[in-house]
Amino acid sequence: MAAVLIVAWWPTVQHLFDVVWNVDTYSHALIVPFASAWLVWRNFEDDQRMGAPSVWGAAALVPITVLWMMGRAMEAAIVQHLALLLGVQAVFLACFGWQATKRNFFPLAFLFLVIPFGGGLVIPLQRITAEMVVSLLSATGVSFQADGELIQLSNGLYEIAEACAGLKFLFTSAVTGILLCYLAFESWWRRAAMLLASVLVPVFANIIRVYTTLLIAEATDQDFAKSIDHVVYGWVFLSIVLFILIAIAYRFSDKHDELPVRPEPQPPVASARIWHSLIILPALAAIWMHAPLPKQQQCSVEEEAAPLCEGCGYRLLPSTHAQLAYGFEGADADKSFMYRHGAERFSVVAGLFAPDRQNHRVVQPIYRGLGEGWFVLSGAVVSDQEVDGIHFEEMIIWRGEERALLWRTHYVGGTFADSGRDAKMKLGLARLSGESPVAAAWYLSVT
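Residues numbered from 1 in each chain as written. Predicted model: local features only at pLDDT ≥ 70, side-chain atom pairs only at ≥ 80, totals over all residues. Heavy atoms only, no water.

Draft legend 1. Local environment of the overall build of the protein. The helix and strand tally for the protein stands at 15 helices and twelve strands. A burial count over the protein gives 42% of its 447 residues as buried. The contacts in the protein between residues at least 6 apart in sequence include a share of 72% that link residues at least 24 apart. Per element, the accessible surface of the protein, about 24,200 Å² overall, is 64% carbon and sulfur. (Helix = DSSP H or I, 4+ residues; strand = E, 2+ residues; numbered from the N terminus. Buried < 20%, exposed > 50% of the residue type's maximum accessible area, 1.4 Å probe, protein only. Contact = heavy atoms within 4.5 Å. Areas by Shrake-Rupley, 256 points an atom, 1.4 Å probe, with all protein chains shown as cover.)

And the structure:
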């Protein structure tokens, strides 16, 4: 049954593996399946003796398959990953029954840590790290200038980038702490203390790592500081943190080995075998989602003149004055305009997808289209805006000493979306109904 699920949803399995293998932040997920399998294997003989398949496990595949189809249609990878892991739980319940599932509650729940989530913690961690590092630099008398996550020292400009936020430290430590809570402790207060330590220790350790890296850079040069940071702090610091957690866990462990209680074998349920035929649902769903949509006629896109605003103070500039070079991957047409209002320059970039389809998706990560040298300034204080009922996502981008305020919105099937997530939802519902609407993305920036 598990093999059918994996084969049917192989693109989801492959994408999940690619993320945890190639994205360093989520590399902790590589050990999670092996730890979970080991914990299940310890009870495997007893689980086989229970041997009462449950119809509820097979029946659960119905909503789980619907969830996977929605994630596939919206191209929401995290929804597909969640459905895949829920499907594994359902297959285990269907094969081994409720007693075995209850006995293996932690190993099965632990498996959800494979899902690469938590990227939203980067910005808060960057802010905390930057603020603490600035405080330490100030307290130790180091001369600097700070602008959010950017810190100017005497020998160069440094950014508390995503890699400096310590998310990898935090995830690896938290996963280790959760496993130690299960293996080493019985009392809930000790488990809570261990879990708290596994979160706080890597955060403070990362602050010390960034602070000392800047001190080394100030005393030597940037290249030497980077090499020290990657070689020494990248592995040695993390190893020390994990060693401390493991030492604390086994020093204060209150879990004692006990003779296992052998469960009574359960008679098999004949009707469950019939319900197990529902395992074909994921395969049917995969066939449906991979079937080609009715051929969509691509719209012809005519060249449009730049919109003018007579009497409002905005003057259209020649194309040679383009300030923000933004490109859309797979757009059927894109256009950019530049205006001046007083001392400010205002640019509009639009990408049309007619229609939105495979390899021509309107909702794209912002970093893919930014011009060379431009980056999103993480941790900047921004707030989404609404003008005449149109919702704009706000962010700040930077390149060297330059800064620009950027607004983004999406237009799907005749209406503006509230966010990129809302646009994905609208497009996903359209795809499930066999449609693929015309969509557009608009980016507005001002310096």
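There's more to say after this.
Draft legend 2. Region of interest: a nonpolar patch on the surface. Taken together, I128, M132, L196, V199, L200 and F204 make up a surface patch of nonpolar side chains, about 520 Å² in accessible area. In terms of residues, the nonpolar patch owes the most to one element, helix α11 (residues 188–219), which gives four residues. Taking relative accessible area as the criterion, M132 reaches 35% and is therefore assigned partly exposed. (Patch = residues over 30% accessible without salt bridge, like charges linked within 9 Å, V, L, I, M, F, W, Y side chains within 5 Å. Salt bridge = Lys/Arg side-chain N within 4 Å of Asp/Glu carboxyl O.)

Draft legend 3. Just the packing of aromatic side chains, in detail. Counted by the stated rule, this structure contains eleven aromatic pairs. Geometrically, the ring pair formed by F106 and F110 is stacked, given 5.5 Å between the ring centres and 25° between the ring planes. Pair noted here: F106 and F110 are both in helix α8 (residues 105–110), with a separation of four residues, about one helical turn. Judged by its relative accessible area of 18%, F106 falls in the buried class. For F110, a relative accessible area of 4% translates into the label buried. Ring pairing ties together the aromatic residues F106, F110 and Y182, which thus form one cluster. If you follow R42 out to its NZ or CZ, it ends over the ring of W38, 5.0 Å from the centre. (Phe/Tyr/Trp six-rings, centres within 6.5 Å; stacked < 30°, edge-to-face > 60°. Lys NZ or Arg CZ within 6 Å of the ring centre and 35° of its normal.)

Draft legend 4. Summary view of the packing of helix α3 (residues 32–41) against helix α10 (residues 167–184). Taken N-terminus to C-terminus, the directions of α3 and α10 make an angle of 10°; their axes are 12 Å apart at the nearest point. The angle between the axes of α3 and α10 places the two elements in the roughly parallel class. The segment α3 lies against α10, with V32, A35, W38 and L39 engaging V175, L179, Y182 and L183. Taken together, the residues that form the contact of α3 with α10 break down as eight nonpolar, no polar and no charged. (Axes fitted to C-alpha atoms, helices over the stretch in contact; angles between N-to-C directions. Parallel < 35°, antiparallel > 145°, perpendicular 65-115°, else oblique. Nonpolar A, V, L, I, M, F, W, Y, C, P; charged D, E, K, R; others polar.)

Draft legend 5. Inspection of unusual backbone geometry at higher detail. Unusually for a residue other than glycine, D388 sits at a positive phi of about 55°. Inspection of the secondary structure assignment puts D388 in the loop between β8 (385–387) and β9 (390–399). Judged by its relative accessible area of 78%, D388 is exposed.

Draft legend 6. Summary view of the pattern of salt bridges. One pass over the full model with this rule turns up two salt bridges. Residues D24 and K168 are paired through a salt bridge, measuring 3.2 Å at the closest nitrogen-oxygen approach. Of this pair, D24 sits in the loop between α2 (10–22) and α3 while K168 sits in helix α10; the two residues are 144 residues apart in sequence, bridging distant segments of the chain. Taking the relative accessible area as the measure of exposure, D24 reaches 48% and is therefore partly exposed. One salt bridge in this structure joins E393 and R408, with 3.4 Å as the shortest N-O distance.

Draft legend 7. Fine view of α2. Taking 1.5 Å per residue as the helical rise, α2 with its 13 residues ought to reach 18 Å, and the 18 Å between its terminal C-alpha atoms agrees with that figure. Considered for burial, the residues of α2 that qualify are T12, V13, L16, V19 and V20. Relative to the axis of α2, the buried residues are bounded by an arc of 130° and lie together on one face. Counted as exposed and oriented over 90 degrees from the buried face of α2: W21 and N22. (Expected span 1.5 Å × (residues − 1). Arc of directions from axis to C-beta.)

Draft legend 8. Region of the structure containing the nonpolar core. W9, F110, V133, L137, I151 and L214 are the most contacted members of the largest nonpolar core, which totals 50 residues. Considering each element in turn, this core owes the most residues, six residues, to α11. Within the second largest apolar cluster, 19 residues are counted, among which are Y326, V349, L406 and L427. (Core = buried A, V, L, I, M, F, W, Y, C linked by side-chain atoms within 4.5 Å.)

Draft legend 9. Here's a closer look at the sheet that holds strand β2 (residues 150–153). Pairing within the open sheet is antiparallel, and its three strands lie in the order β1-β2-β3. What marks the edges here is a single partner per strand, and that holds for β1 (145–147) and β3 (156–159). Taking the axes of each pair of neighbouring strands and ignoring which way they run, one obtains an average angle of 20° across the sheet. Judged from the four bridges that link them, β2 and β3 form a sheet pairing that is antiparallel. Bridging across to β3, Q152 finds its partner in L157. (Pairing = 2+ DSSP bridges.)

Draft legend 10. Fine view of the packing of helix α6 (residues 61–74) against helix α7 (residues 77–103). Running from N to C, α6 and α7 point in directions that differ by 160°, and their axes come no closer than 8 Å. The angle between the axes of α6 and α7 places the two elements in the roughly antiparallel class. When you trace α6 past α7, the crossing you get is left-handed. Residues L61, I64, L67, W68, G71 and R72 of α6 lie in contact with α7, whose contacting residues are V79, Q80, L82, A83, L86, G87 and A90. Each residue belonging to the contact of α6 with α7 can be placed in one class, and the counts come to nine nonpolar, three polar and one charged. (Left-handed = near helix turned anticlockwise from the far one by under 90°.)

Draft legend 11. The arrangement of the pairing of β9 in detail. Of all ten residues that make up β9, seven are buried, and the element is covered over most of its length. As paired strands, strand β7 (residues 375–376) and β9 are joined by two bridges and run antiparallel to one another. When the bridges of β9 are listed, V376 appears paired with I397. Inspection of the sheet shows β8 paired to β9 by three bridges, in the antiparallel sense.

Draft legend 12. How the structure looks around helix α9 (residues 122–139). In this model α9 runs 25 Å from its N-terminal to its C-terminal C-alpha over 18 residues, within 8% of the 26 Å that 1.5 Å per residue would give. Inspection of α9 places V122, L125, Q126, T129, A130, V133 and L137 among the buried residues, and these make up the whole buried set. The buried residues of α9 all sit within an arc of 130° when viewed along its axis, so they share a single face. Every exposed residue of α9 that faces more than 90 degrees away from the buried side is listed here: E131 and A139. Buried residues along α9 sit in contact with β2, α10 and α11. One or two positions beyond α9, positive phi appears at G141, with a value near 75°.

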